[in-house]
Amino acid sequence: MPRIVETIVTTCDAEGVPHIAPLGLIEDGANWIIAPFKPSKTLDNLRAHPFAAASHTDDVRVFAGCVTGRKTWPLMATAVIKGMRLKDCVAHWELEVQNVIEDDLRPRFRCRLVREESHRAWQGFNRAQAAVLELAVLTTRLKMLAPEKVENELKYLEIAISKTAGPREDEAWEWLMEKVNAWRDARTG
Ligand SMILES: Cc1cc2nc3c(=O)[nH]c(=O)nc-3n(C[C@H](O)[C@H](O)[C@H](O)COP(=O)(O)O)c2cc1C
């Protein structure tokens, strides 16, 4: 399996309006593949304007926020490509689409790294951040997964939150749990 980097992808439509979404970038030699499921705004934007920025952030509220309707995060212009990136990030990449491998479910946009910038020091691993990312992914798949699987994974992920979270991770977890609780309520009626 190729390595996948979970990051915040910003794309722009033909008018230059930015769109933000968490996506996993798939390593492909010196290139990175963006693989959005159909339908998606990221996919439409990549066809209209074949550039993207990948912002690597340790503020996991951005991941949790994007999947819970909180999509307003400060952005700024990228250095080389016409696009936007997260203002507050550890580092960012600027990507240009080289070619598209079409697929009915999930086209793959193979991108060349045209610019890489570091903005501040990396602060080390944190288990609660990883747990937030896992729950964020899980909440995008609630309708597809067996309820017991969701509840079992939650029990495990909660351990890292209770032992290692700081205020940002706690807040991100709360937003995601609101979504999980709405899903629980909808199931039990
Ligand atoms: C950590 C993480 C990784 C994700 N990776 C992908 C991905 O590789 N492809 C995808 O289609 N959606 C992925 N998602 C879900 C998208 O962020 C979500 O569906 C989003 O709304 C994309 O659709 P949009 O471009 O219309 O906003 C991921 C979500 C999270 C939290």
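Residues numbered from 1 in each chain as written. Predicted model: local features only at pLDDT ≥ 70, side-chain atom pairs only at ≥ 80, totals over all residues. Heavy atoms only, no water.

A look at the packing of helix 4 (residues 147-164) against helix 5 (residues 167-188)
Working step 1: The interhelical angle for the contact between helix 4 and helix 5, taken along N-to-C directions, is 160°, at an axis separation of 13 Å. When the axes of helix 4 and helix 5 are compared, the pair comes out roughly antiparallel. Every pair of crossing elements has a handedness; the one defined by helix 4 and helix 5 is left-handed. Residue-level contacts link Pro147, Val150, Glu151, Leu154, Leu157, Glu158 and Ile161 of helix 4 to Asp170, Trp173, Met177, Val180, Trp183, Arg184 and Arg187 of helix 5.
Working step 2: Looking at the contact of helix 4 with helix 5 residue by residue, the classes come out as 9 nonpolar, no polar and 5 charged. (Axes fitted to C-alpha atoms, helices over the stretch in contact; angles between N-to-C directions. Helix = DSSP H or I, 4+ residues; strand = E, 2+ residues; numbered from the N terminus. Parallel < 35°, antiparallel > 145°, perpendicular 65-115°, else oblique. Left-handed = near helix turned anticlockwise from the far one by under 90°. Contact = heavy atoms within 4.5 Å. Nonpolar A, V, L, I, M, F, W, Y, C, P; charged D, E, K, R; others polar.)

Focus on the packing of aromatic side chains
Working step 1: In the structure shown here, the tally under the stated rule is 3 aromatic pairs.
Working step 2: Both rings, one in tryptophan 32 and one in tryptophan 93, keep their centres 4.6 Å apart while their planes meet at 35°; by these two values the pair is tilted. Highlighted residues: tryptophan 32 in strand 3 (residues 31-34) and tryptophan 93 in strand 7 (residues 91-101), separated in sequence by 61 residues.
Working step 3: Residue class for tryptophan 32 comes out buried when judged on its relative accessible area of 6%.
Working step 4: Across the ring face of tryptophan 183, the terminal group of arginine 187 is positioned such that the distance to the ring centre comes to 4.6 Å. (Phe/Tyr/Trp six-rings, centres within 6.5 Å; stacked < 30°, edge-to-face > 60°. Buried < 20%, exposed > 50% of the residue type's maximum accessible area, 1.4 Å probe, protein only. Lys NZ or Arg CZ within 6 Å of the ring centre and 35° of its normal.)

A few points about the site of the ligand
Working step 1: Neighbouring the ligand are 16 residues, the closest being His19, Pro22, Phe37, Lys41 and Thr42.
Working step 2: The contact in question runs from a nitrogen atom of the ligand to an N or O atom on the backbone of alanine 35, over 3.1 Å.
Working step 3: Within the backbone of lysine 41, one N or O atom sits 2.8 Å away from an oxygen atom of the ligand.
Working step 4: Notes on the ligand: free accessible area 630 Å², of which the protein chains cover 82%.
Working step 5: The set of elements that each furnish at least two residues to the shell around the ligand consists of strand 2 (18-28), helix 1 (41-48) and helix 3 (127-139).
Working step 6: The biggest single contributor to the shell around the ligand is strand 2, with 5 residues. (Near = heavy atom within 4 Å. Polar contact = N/O pair within 3.5 Å; in protein donor to acceptor, adjacent residues only side chain to side chain. Areas by Shrake-Rupley, 256 points an atom, 1.4 Å probe, with all protein chains shown as cover.)

Some remarks on the pattern of salt bridges
Where charged atoms of side chains with opposite charge meet at close range, the side chains can pair.
Working step 1: Here the structure, examined in full by the defined rule, presents 13 salt bridges.
Working step 2: One salt bridge connects aspartate 28 with arginine 110, and the closest N-O pair in it is separated by 2.6 Å. In this pair, aspartate 28 is assigned in strand 2 and arginine 110 in strand 8 (residues 108-118), connecting sequence segments 82 residues apart.
Working step 3: According to the relative accessible area criterion, arginine 110 is partly exposed, its value standing at 23%.
Working step 4: Residue aspartate 58 pairs with arginine 120 through a salt bridge whose shortest N-O separation is 3.2 Å. Placement of the pair is aspartate 58 in the loop between strand 4 (51-56) and helix 2 (61-66) and arginine 120 in the loop between strand 8 and helix 3, with a sequence separation of 62 residues. (Salt bridge = Lys/Arg side-chain N within 4 Å of Asp/Glu carboxyl O.)

Details of the domain arrangement of the chain
Working step 1: Once the domains are mapped, the chain shows domain 1 (4-118) and domain 2 (127-188).
Working step 2: Taking only C-alpha atoms into account, the centre of domain 1 sits 24 Å from that of domain 2.
Working step 3: Every contact between the two is made by 12 residues of domain 1 and, on the other side, 14 residues of domain 2.
Working step 4: At the boundary of domain 1 with domain 2, total buried surface from both sides reaches about 1,200 Å², with 71% on carbon and sulfur atoms.
Working step 5: The largest share of the area that domain 1 buries against domain 2 comes from Val60, Arg61 and Val67, three residues that together contribute 45% of it.
Working step 6: The partner of glutamate 171 in a salt bridge is arginine 61, with the nearest N and O atoms 3.2 Å apart.
Working step 7: Element by element, the count of residues in the side of domain 1 that touches domain 2 is highest for helix 2, at 4 residues.
Working step 8: Of the residues assigned to the side of domain 1 that touches domain 2, the class counts are 5 nonpolar, 2 polar and 5 charged. (Domains from an automatic or database assignment. Buried area = accessible area lost by both parts, 1.4 Å probe.)

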